[in-house]
Amino acid sequence: MGLKAWKAACPKGDLDLVFPNGVGNVETHSNIYNRIFKPLMLKCGIVDGEGAPRFSLHAMRHAAASLFIDQGWPPKCIQVMLGHSSITMTYDVCGHLFHDPAKDVDLMGEMERGLLAA
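In this text the structure is predicted, and so the values were computed from the model without any measurement.

Criteria and thresholds
Residues numbered from 1 in each chain as written. Predicted model: local features only at pLDDT ≥ 70, side-chain atom pairs only at ≥ 80, totals over all residues. Heavy atoms only, no water. Helix = DSSP H or I, 4+ residues; strand = E, 2+ residues; numbered from the N terminus. Buried < 20%, exposed > 50% of the residue type's maximum accessible area, 1.4 Å probe, protein only. pLDDT = per-residue confidence, 0-100. Salt bridge = Lys/Arg side-chain N within 4 Å of Asp/Glu carboxyl O. Phe/Tyr/Trp six-rings, centres within 6.5 Å; stacked < 30°, edge-to-face > 60°. Arc of directions from axis to C-beta.

### Some words on the side chain of asparagine 21
Piece 1. With respect to the secondary-structure elements, asparagine 21 resides in the loop between helix 1 (3–9) and helix 2 (29–44).
Piece 2. Judged by its relative accessible area of 16%, asparagine 21 falls in the buried class.

Structure, rendered in structure tokens:
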């Protein structure tokens, strides 16, 4: 079934969602985790030593942020994508992922050249 066909057939609600719960409302975090994500990890064998699912949905969110940073996305874009209320929150949560020693050396070199040229 294509997306347009699904949209026409899915449960209707006040928010006109594309992927609503069974009565047309926003799906809950626990429902997504327990009915979809957890069984998928178990089926794929993505488990810890005790057979429990290895990752939470939050871990996937953090992994996405890591990929955005690694690909060079601007921090402000990452803030918007993650829905953080401020750039400070983004840096508090993901700041350790922005560390790039080679870039730090380059930036310090640029600053030094600018100071010496003045």
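### As for the confidence of the model for the protein
Keep in mind that low pLDDT regions are not for reading the predicted coordinates in detail.
Piece 1. Confidence along the protein averages 88 in pLDDT terms, with 93% of residues attaining 70 or more.
Piece 2. Across the protein, helix 2 holds the top mean pLDDT of 94, while helix 6 (residues 101–117) sits lowest at 75.

### Things to note about the pattern of salt bridges
Piece 1. Tallied over the entire structure, the rule returns one salt bridge.
Piece 2. A salt bridge links lysine 7 to aspartate 16, with the nearest nitrogen and oxygen atoms 2.7 Å apart.

### Brief notes about the packing of aromatic side chains
Piece 1. Under the counting rule described, the total for this entry stands at two aromatic pairs.
Piece 2. Note on tyrosine 33 and phenylalanine 37: the rings are 6.1 Å apart at their centroids and 50 degrees apart in plane angle, and the pair reads as tilted. One end of the pair, tyrosine 33, and the other, phenylalanine 37, are both in helix 2, four residues apart, so they sit about a helical turn from each other.
Piece 3. Aromatic side chains phenylalanine 68 and tryptophan 73 sit 4.1 Å apart centroid to centroid with 10 degrees between the ring planes, which places their arrangement in the stacked category.
Piece 4. Looking at phenylalanine 68, the relative accessible area reads 15%, which means it is buried.

### Considering helix 4 (residues 75–82)
Piece 1. Of the positions making up helix 4, those classed as buried are Ile78, Gln79 and Leu82. On an axial view of helix 4, the arc spanned by its buried residues comes to 105 degrees, and they lie on one face. Pointing more than 90 degrees away from the buried face of helix 4 are the exposed residues Lys76, Val80 and Met81.
Piece 2. Phi for glycine 83, located one or two positions after helix 4, is positive at around 75 degrees.

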